[in-house]
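For reference, the chains in residue letters:
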Amino acid sequence: MGERIDYEAVAPRGVKLLGGVYLYVSQSGLSPVLLTCVYLRVSLINGCAYCIDMHSRDLRELGVSNEKIALVPVWEEAAELFDARERAALAWAETVTRVSSTGVPDSAYAAASEHFDEKELVDLTIAIATMNTYNRLAIGFRRTPAAVSAKQAETQGN
């Protein structure tokens, strides 16, 4: 399946502005591992192969074990691998990403608020929303995951 549109080339200003939000979140003071686990979980929920591949690689570069990365989809069952803030962030990411079915209940807000102050919770929610946007771009326009591109290049002898 090929890429439909190179959205970075077609709308560079919009993609640059979205990148500015991503940069803001990365400088917000939230842990890079926490944020990247959230990005991976959001991407897994949305089924975004491009982002799943990218964030799995990012987590390895951050020194996260392969076991922890593999268990992000079932973090509740592997809770011992995730600290309290990571668990709270992953739960919040799930309810916010699934907003149409969850309605983001007060109980989810209260649980997240136990681990994040107001600014951190807003920044975390901006991160979740941003990743949902990136997922929709990558899925909608069929962005090729790096692992697939590498395999294609290998097969073609490049």
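Residues numbered from 1 in each chain as written. Predicted model: local features only at pLDDT ≥ 70, side-chain atom pairs only at ≥ 80, totals over all residues. Heavy atoms only, no water.

Caption draft 1: Just the overall build of the protein chain, in detail. Of regular secondary structure, the protein chain possesses 10 helices and 0 strands. For a compact globule of 158 residues, the expected C-alpha radius of gyration is about 15 Å, and the protein chain comes in at 16 Å, within 12% of that figure. In the protein chain, the share of contacts with a sequence separation of at least 24, taken over all contacts with a separation of at least 6, comes to 70%. Accessible area for the protein chain stands at about 8,800 Å²; split by element, carbon and sulfur atoms hold 56% of it. (Helix = DSSP H or I, 4+ residues; strand = E, 2+ residues; numbered from the N terminus. Rg over C-alpha atoms; globule rule 2.2 N^0.38 Å. Contact = heavy atoms within 4.5 Å. Areas by Shrake-Rupley, 256 points an atom, 1.4 Å probe, with all protein chains shown as cover.)

Caption draft 2: Quick look at the UniProt feature "domain: Carboxymuconolactone decarboxylase-like" (unreviewed entry) in the protein chain. UniProt marks residues 24-94 with the feature "domain: Carboxymuconolactone decarboxylase-like" (unreviewed entry), using the numbering shown here. For residues 24-94, the end-to-end C-alpha separation is 21 Å, with 66% helix and 0% strand making up the annotated structure. (UniProt positions renumbered as here; feature names shortened; annotations may be inferred.)

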